[in-house]
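Now for the letters of each chain:
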Amino acid sequence: MAQDATKKQWVKFFINELVSFTALFAILGGIIYLSFKDSINKNINSGLYGQKTEILRSQRKAKSGGDSIHPYRAQATPPPTDNATFRTHALIFDKNGRIENAGMIGQGAFSAFQGIKLVKRNINKVKGLVITTQFGTKRSNHYFMTLLIKVPRTSTNSTYSGKYVLILQNIDADLLAMESFKKSLFITLLIFWALAMIIAYVLSRSSMRPILVSWKKQREFSADAAHELRTPITVIQNQMEYLLTKPKQRILDEAASISTTLDEVNQMQTLIKRLLMLSRGDANIIQIQPKSVDLKDWIKRTFNIYQPLAENQHKTLQKNILASGQVIFDPDLMHQALVILLDNALKYTPTGGSIDVLIKRLHGRLIISVSDTGPGIPDKDKRNIFERFYRVDQSRNTKTGGNGLGLAIAKFIVQQHNGKIEVRDNYPHGAVFQISIPITREKRHPKTDKP
Ligand code: ADP
């Protein structure tokens with residue numbers, strides 16, 4: 001089921017990336033092709049208009065032996081053979097539409113042009129024209145762009161004066177170039193598209209990796225949470241069933257059983273609160289509310305709770321407050337983090353042991369460290385200790401009733417303050433947990449990575 005969903009998600013990523021690449025290449029190809037076509041069209045148009053200017057400017061040359069736009073056009077155009085390229089020609093029409101320069105452009109070409117009619121409404125318009133030639137049994141089409149102009153009577157060149165001139169520019173070579181450009185563009189894009197497919201495949205796989213990790217974490221979290229809840233529920237159920245077998249007993253007689261049940265209920269409540277805190281943190285619902293806090297007052301609030309607790313358990317709780325004044329952080333969340341550390345220190349420190357709290361400022365950071373003389377944290381566990389549900393030693397925790405969420409919450413709170421939480425050994429034995437948060441920097445953009 002989970003694999004199906006993973007595959008579906010992966011296919012979705014792959015298709016999304018492939019569609020994006022395809023659209024990108026299609027747009028790119030379109031732009032390249034259109035700009036190439038546009039530059040060819042501009043070239044053709046500038047050719048036609050260049051001819052027009054030349055015709056309108058041309059003066060009659062007394063001994064030239066003929067009037068023409070260009071020397072090569074002055075000569076008779078060779079009869080078009082199969083691979084002949086007739087590039088530019090000018091057909092001179094009299095006002096009745098009769099072609100006047102038949103002799104000048106050559107019989108072969110003229111026979112191809114003789115069907116061209118004068119369409120006066122096309123004056124000054126660029127139009128396309130197809131001319132079909134036949135050599136033996138082979139017919140071939142030749143493509144032209146044309147521009148019809150009317151030469152004013154005032155022109156000094158009597159060949160053109162008062163005539164209509166149809167300038168024809170052969171575009172066979174341009175069309176051929178366009179066609180082969182289109183082909184090579186298509187092949188290039190196809191190759192890149194195939195490469196894009198490979199890239200899309202790799203990208204979609206790598207996009208899946210963090211999702212798979214987070215799904216795995218989520219699954220483990222739910223499984224662990226369910227497991228943690230099952231234990232107290234089973235205890236409560238057993239105690240209730242036991243009490244039901246003694247309906248006539250007084251509450252006082254069954255106080256031990258009721259107290260066990262209550263302990264489990266309390267533990268369940270803590271667990272549910274912590275689970276809720278972490279999942280709200282995951283959903284980014286928890287926003288830190290930094291405010292100016294008087295350090296001394298803030299620490300007093302926590303100590304007032306823990307001093308008597310430590311005394312009751314015959315443990316020493318000492319504080320060493322080397323910082324004072326106003327500091328900006330979320331007092332409630334930071335109180336919660338400190339409570340977790342103090343809770344653990346008290347939990348794991350044996351009777352007669354001591355717990356030291358040190359608070360100081362260092363290089364623009366507030367340092368809070370809690371040292372104890374308990375069993376400490378083995379090196380191999382130091383890295384994992386802040387993971388959800390991670391416990392150093394199952395038997396140790398069964399006695400202390402932990403669920404492995406405290407430090408994960410402490411880490412979450414500290415990260416919300418852009419800070420760090422670390423653990424190291426205390427000497428000769430025990431653990432030192434140290435929180436360090438920046439107190440001079442802006443704290444509105446906490447890190448988002450989850451503990
Ligand atoms: P728990 O609610 O189980 O204490 P935590 O996340 O607070 O969960 O702690 C995780 C693990 O770290 C536990 O396995 C606990 O054994 C160990 N641990 C935490 N604090 C201390 C400490 N001060 N001394 C020794 N072990 C500790």
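Conventions used here
- Residues numbered from 1 in each chain as written.
- Predicted model: local features only at pLDDT ≥ 70, side-chain atom pairs only at ≥ 80, totals over all residues.
- Heavy atoms only, no water.
- UniProt positions renumbered as here; feature names shortened; annotations may be inferred.
- Helix = DSSP H or I, 4+ residues; strand = E, 2+ residues; numbered from the N terminus.
- Buried < 20%, exposed > 50% of the residue type's maximum accessible area, 1.4 Å probe, protein only.
- Contact = heavy atoms within 4.5 Å.
- Areas by Shrake-Rupley, 256 points an atom, 1.4 Å probe, with all protein chains shown as cover.
- Phe/Tyr/Trp six-rings, centres within 6.5 Å; stacked < 30°, edge-to-face > 60°.
- Core = buried A, V, L, I, M, F, W, Y, C linked by side-chain atoms within 4.5 Å.
- Expected span 1.5 Å × (residues − 1).
- Polar contact = N/O pair within 3.5 Å; in protein donor to acceptor, adjacent residues only side chain to side chain.
- Pairing = 2+ DSSP bridges.
- Axes fitted to C-alpha atoms, helices over the stretch in contact; angles between N-to-C directions.
- Parallel < 35°, antiparallel > 145°, perpendicular 65-115°, else oblique.
- Left-handed = near helix turned anticlockwise from the far one by under 90°.
- Nonpolar A, V, L, I, M, F, W, Y, C, P; charged D, E, K, R; others polar.
- Near = heavy atom within 4 Å.
- Patch = residues over 30% accessible without salt bridge, like charges linked within 9 Å, V, L, I, M, F, W, Y side chains within 5 Å.
- Salt bridge = Lys/Arg side-chain N within 4 Å of Asp/Glu carboxyl O.

Under an unreviewed UniProt entry, the name given to the protein chain is histidine kinase, and the organism recorded is Lentilactobacillus farraginis DSM 18382 = JCM 14108. Its UniProt record, at the heading Subcellular location (unreviewed entry), says of the protein chain: "Membrane". If you open the UniProt record of the protein chain and go to Catalytic activity (unreviewed entry), you find "ATP + protein L-histidine = ADP + protein N-phospho-L-histidine."

(A) Expanded view of the overall build of the protein chain. When helices and strands are tallied, the protein chain shows 11 helices and 11 strands. The buried share among the 451 residues of the protein chain stands at 40%. For the protein chain, contacts bridging at least 24 residues in sequence account for 69% of all contacts bridging at least 6. Approximately 26400 Å² of the protein chain is accessible, and the part contributed by carbon and sulfur atoms is 57%.

(B) Spotlight on the packing of aromatic side chains. Throughout the structure, instances matching the rule amount to nine aromatic pairs. Where phenylalanine 113 meets phenylalanine 144, the ring centres are 5.8 Å apart and the plane angle is 75 degrees; that geometry is what we call edge-to-face. One end of the pair, phenylalanine 113, is in helix H4 (residues 107-113); the other, phenylalanine 144, is in strand S3 (residues 138-150), and 31 residues separate them in sequence. Residue classification places phenylalanine 113 among the buried residues on the basis of a relative accessible area of 0%. Judged by relative accessible area, phenylalanine 144 falls into the buried class, the value being 1%. Taken together, the aromatic side chains of Trp10, Phe14 and Tyr201 make up a single cluster linked through ring pairs.

(C) Examining the nonpolar core more closely. Membership of the largest hydrophobic core comes to 54 residues, with the highest contact counts inside it found for Trp298, Phe329, Leu366 and Ile435. The dominant element in this core, judged by the number of residues it contributes, is helix H8 (residues 331-348), at 10 residues. Setting aside its immediate chain neighbours within four residues, phenylalanine 329 contacts Gln289, Pro290, Lys291, Val293, Leu295, Trp298, Met334, Leu366, His417 and Ile437.

(D) The arrangement of H8 in detail. With 18 residues, H8 should cover 26 Å at 1.5 Å per step; its first-to-last C-alpha distance of 26 Å lies within 8% of that length. When you tally the buried positions in H8, you get 14 out of 18 residues, the bulk of the element. The opening residue of H8 is aspartate 330, an N-cap whose side-chain oxygen sits 3.1 Å from the backbone nitrogen of aspartate 332.

(E) Region of the structure containing the UniProt feature "transmembrane region" (unreviewed entry) in the protein chain. Here the UniProt-annotated "transmembrane region" (unreviewed entry) positions come out as residues 18-36 and 185-203. Along residues 18-36 the backbone is 100% helical and 0% strand, and the end-to-end C-alpha distance reaches 27 Å. Helix makes up 100% of residues 185-203 and strand 0%, whereas the separation of the span's terminal C-alpha atoms amounts to 26 Å.

(F) The environment of proline 290, seen in detail. Note on placement: proline 290 falls in the loop between helix H6 (255-282) and strand S5 (291-294). Between the C-alpha atoms of proline 290 and valine 327, which are 37 residues apart in sequence, the distance is 9.4 Å. Once you skip the residues sitting within four places of it in the chain, proline 290 turns out to touch Ile328, Phe329 and Asp330.

(G) Highlighting the sheet that holds strand S10 (residues 420-425). With mixed pairing, the five strands of this open sheet are ordered in space as S6-S8-S9-S11-S10. Here the strands that pair on one side only, and so sit at the sheet edges, are strand S6 (316-321) and S10. Across this sheet, the average inter-strand angle for adjacent strands is 15 degrees, counted without regard to direction. Inspection of the sheet shows S10 paired to strand S11 (residues 431-438) by six bridges, in the antiparallel sense. Bridge pairing in S11 places aspartate 425 opposite alanine 431. Of the strands in this sheet, S6, strand S8 (354-362) and strand S9 (365-372) touch helix H7 (residues 295-312), which is tilted by about 170 degrees from S6.

(H) Focus on the packing of helix H5 (residues 172-244) against H6. Closest axis-to-axis distance for the H5/H6 pair is 9 Å, and the angle between their directions is 160 degrees. What the angle tells us is that H5 and H6 run roughly antiparallel. For the crossing formed where H5 meets H6, the hand is left-handed. Seen from H5, the contacting residues are Phe221, Ala225, Glu228, Leu229, Pro232, Ile233, Val235, Ile236, Gln239, Met240, Tyr242 and Leu243; seen from H6, they are Ser257, Ile258, Thr260, Thr261, Glu264, Val265, Met268, Leu271, Ile272, Leu275 and Leu278. Its residues assigned to classes, the contact of H5 with H6 shows 17 nonpolar, four polar and two charged.

(I) Broad picture of unusual backbone geometry. Residue tyrosine 427 is joined to proline 428 through a cis peptide bond whose omega torsion reads 5 degrees. Checked against the element boundaries, proline 428 lands in the loop between S10 and S11. For histidine 314, which is not glycine, the phi torsion reads 55 degrees and is therefore positive. Relative to the helices and strands, histidine 314 is located in the loop between H7 and S6. The exposure class assigned to histidine 314 is exposed, which follows from its relative accessible area of 57%.

(J) Quick look at the site of the ligand. Around the ligand lies a shell of 20 residues, among which Asn344, Asp372, Arg391, Val392 and Leu407 are the nearest. Glycine 406 places a polar main-chain atom, nitrogen or oxygen, 3.3 Å from an oxygen atom of the ligand. Alone, the ligand offers 540 Å² of accessible surface; in the complex the protein occludes 100% of this. Mapped onto the shell around the ligand, the elements with two or more residues apiece are H8, helix H10 (394-400) and helix H11 (406-416). For the shell around the ligand, the element with the most residues is H8, which contributes three residues.

(K) Summary view of a nonpolar patch on the surface. A contiguous nonpolar patch, built from Phe186, Ile187, Leu190, Ile191, Phe192, Leu195, Ile198, Tyr201 and Val202 and spanning about 900 Å² of accessible area, is present on the exposed surface. One can find isoleucine 191 in helix H5.

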